[in-house]
Protein chains: 2
Amino acid sequence: MHRIEPQTGAAFTLARGQSLRVVDLEGEQVADLVAFSRAEPWERLSSGRSIDYAGRIYLTTGDLLYSNRSRPMFRIIADDVGRHDFLLTPCSPETFQIIYKTTEAHPSCLANLVDHLAPFGIAIDMIPTTFNIFMNVEIDAAGKLSILPARSKAGDAVTLRAEMDLIVGLTACSAEMSNNYKFKPIGYEIF
Amino acid sequence: MHRIEPQTGAAFTLARGQSLRVVDLEGEQVADLVAFSRAEPWERLSSGRSIDYAGRIYLTTGDLLYSNRSRPMFRIIADDVGRHDFLLTPCSPETFQIIYKTTEAHPSCLANLVDHLAPFGIAIDMIPTTFNIFMNVEIDAAGKLSILPARSKAGDAVTLRAEMDLIVGLTACSAEMSNNYKFKPIGYEIF
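Residues numbered from 1 in each chain as written. Chains lettered and ligands numbered in written order. Predicted model: local features only at pLDDT ≥ 70, side-chain atom pairs only at ≥ 80, totals over all residues.

## Some remarks on the overall build of chain A
Reasoning step 1: A tally of helices and strands in chain A yields three helices and 12 strands.
Reasoning step 2: Its C-alpha atoms give chain A a radius of gyration of 15 Å, within 12% of the compact-globule value 16 Å for 191 residues.
Reasoning step 3: On the principal axes, the C-alpha backbone points of chain A span a range of 40 × 35 × 30 Å.
Reasoning step 4: The proportion of buried residues among the 191 residues of chain A is 51%.
Reasoning step 5: Excluding contacts between residues fewer than 6 apart, the proportion of contacts in chain A whose partners are at least 24 apart in sequence is 76%. (Helix = DSSP H or I, 4+ residues; strand = E, 2+ residues; numbered from the N terminus. Rg over C-alpha atoms; globule rule 2.2 N^0.38 Å. Buried ≥ 20, exposed ≤ 12 C-beta atoms within 10 Å, placed from the backbone. Contact = placed C-beta atoms within 7 Å.)

In structure tokens:
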């Protein structure tokens, strides 16, 4: 099992047919996931395509995660939690300025993805809305978003099977609200 | 007033400070809007940034539409309707195959955007989730999406002020469900 330390990230490749198991080691910790086609890295994960084709915003076991070219990138094959966000972008330096009103430097998922994906030729503008594993976002009838503590307990996991050859970025999320104000590690294994 | 014929599109530039008024000429017709920075066209409209910073999925008068670099692209300065979608991608040939189970060729917003944006150097993989003006998408407590008839009546409009120099794509949407199964034109004016 690989370990992503709190407020850091990782990147790696997956061959079609391989599976990625993402584990919330201590509970209530979000992991932002992004993916790009190895053959043509401008083909990337698309929230809009995935939720449109599913007809639901909360994706879980059996659902496909599509690329912007409407091709399956992942299928979720196991899910202990069933509540993940696919609407919001990875936290970035501007997230902390705009939402948290922070003026000091702050770790962010976007910066961690940029750093780890750079060796694979992925530039910042190629990074789309991420699949935010374990992130618990509710929407009321008026459309207001609430970021609540993740429902995941220690050891809960999500497994995704690669449907094409992929470059993958994954983080242990850096944003206070998403992680119930405590930063924890994320585990992952590839099989 | 410019007129976009049913199931077609348009593209044009806006200078910072100019306003775009999008008019539903006959009622219940969706217009997909996308924008790119003229200075660096990989900077483009970001649903994820915009709804995260607003804390709401339904944007209206006063709200900002952000780029993937967290810079304001538009401010909504007038809105007769108050119900627009910012979650779903523009309808594409695959939308009709996957959702509508159509095997024949079908006009689509994505194809119309690609055609009209090509002279501005915008390629298909640069097109993100669009701001779907007048599109009425509701989400129930379980996260299920319902695409309902637009709330816009004939003559209803939305006005957006450009916050940077922009390349803009705009359509009269081609998807049956989004337009209550009748395709109508969209009007727009720039001032």
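Moving on from the model shown.
## Concerning the nonpolar core
Soluble globular proteins tend to bury their nonpolar side chains together.
Reasoning step 1: Of all hydrophobic cores here, the largest spans 112 residues; its most connected members are Val22(A), Ala31(A), Ala35(A), Val22(B), Ala31(B) and Ala35(B).
Reasoning step 2: With sequence-adjacent residues up to four places away left out, Ala31(B) is seen in contact with Val22(B), Ile133(B), Phe134(B), Leu170(B), Thr171(B), Ala172(B), Cys173(B) and Ile186(B). (Core = buried A, V, L, I, M, F, W, Y, C linked by C-beta atoms within 7 Å.)

## Focus: the relation of the copies chain A and chain B
Reasoning step 1: In screw terms, the move from chain A to chain B is a rotation of 180 degrees and a rise of 0.0 Å along the axis, fitting with an RMSD of 0.0 Å. As the rotation angle and translation indicate, the two copies are arranged about a two-fold axis. Among all C-alpha atoms of chain A, that of Leu87(A) lies closest to the rotation axis, at 3.6 Å. (Least-squares fit on C-alpha atoms with pLDDT ≥ 70 in both.)

## So, helix H3 (residues 109-117) of chain A
It helps to recall that an α-helix has 3.6 residues per turn; residues three or four apart then point in one direction.
Reasoning step 1: Taken across its nine residues, H3(A) has eight buried, putting it largely inside the fold.
Reasoning step 2: Every buried residue belonging to H3(A) is among Cys109(A), Leu110(A), Ala111(A), Asn112(A), Leu113(A), Val114(A), His116(A) and Leu117(A), and all of these are buried.

## Some thoughts on the pairing of strand S12 (residues 186-190) of chain A
Residue and element names in this part refer to chain A.
Reasoning step 1: Two strands pair when backbone bridges link them, and strand S1 (residues 2-4) and S12 are joined in this way by three bridges, in the antiparallel orientation. Pairing of Ile 4 across the sheet is with Ile 186, part of S12.
Reasoning step 2: Two elements, strand S3 (residues 19-24) and S12, share four bridges in a ladder whose sense is antiparallel. Within S12, the position partnered with Arg 21 by the bridge is Glu 189. (Pairing = 2+ DSSP bridges.)

## A closer look at the interface of chain A and chain B
Reasoning step 1: Across the contact, 29 residues belong to chain A and 29 residues belong to chain B.
Reasoning step 2: At the level of secondary structure, the elements contributing two or more residues to the side of chain A that touches chain B comprise helix H1 (47-54) and helix H2 (93-98) of chain A.
Reasoning step 3: Here the residues of the side of chain A that touches chain B sort into 11 nonpolar, 11 polar and seven charged. (Nonpolar A, V, L, I, M, F, W, Y, C, P; charged D, E, K, R; others polar.)

## Here we look at the sheet that holds S3(A)
Residues and elements named next belong to chain A.
Reasoning step 1: On the basis of which strands lie adjacent, the open sheet formed by six strands has the order S1-S12-S3-S10-S6-S5 and antiparallel pairing. The open sheet is flanked by S1 and strand S5 (64-66), the only strands paired with a single partner. Strand-to-strand, the axes of this sheet are offset by a mean angle of 25 degrees, without reference to chain direction.
Reasoning step 2: Judged from the six bridges that link them, S3 and strand S10 (residues 156-162) form a sheet pairing that is antiparallel. Within S10, the residue paired with Val 23 across the bridge is Ala 157. (Axes fitted to C-alpha atoms, helices over the stretch in contact; angles between N-to-C directions.)

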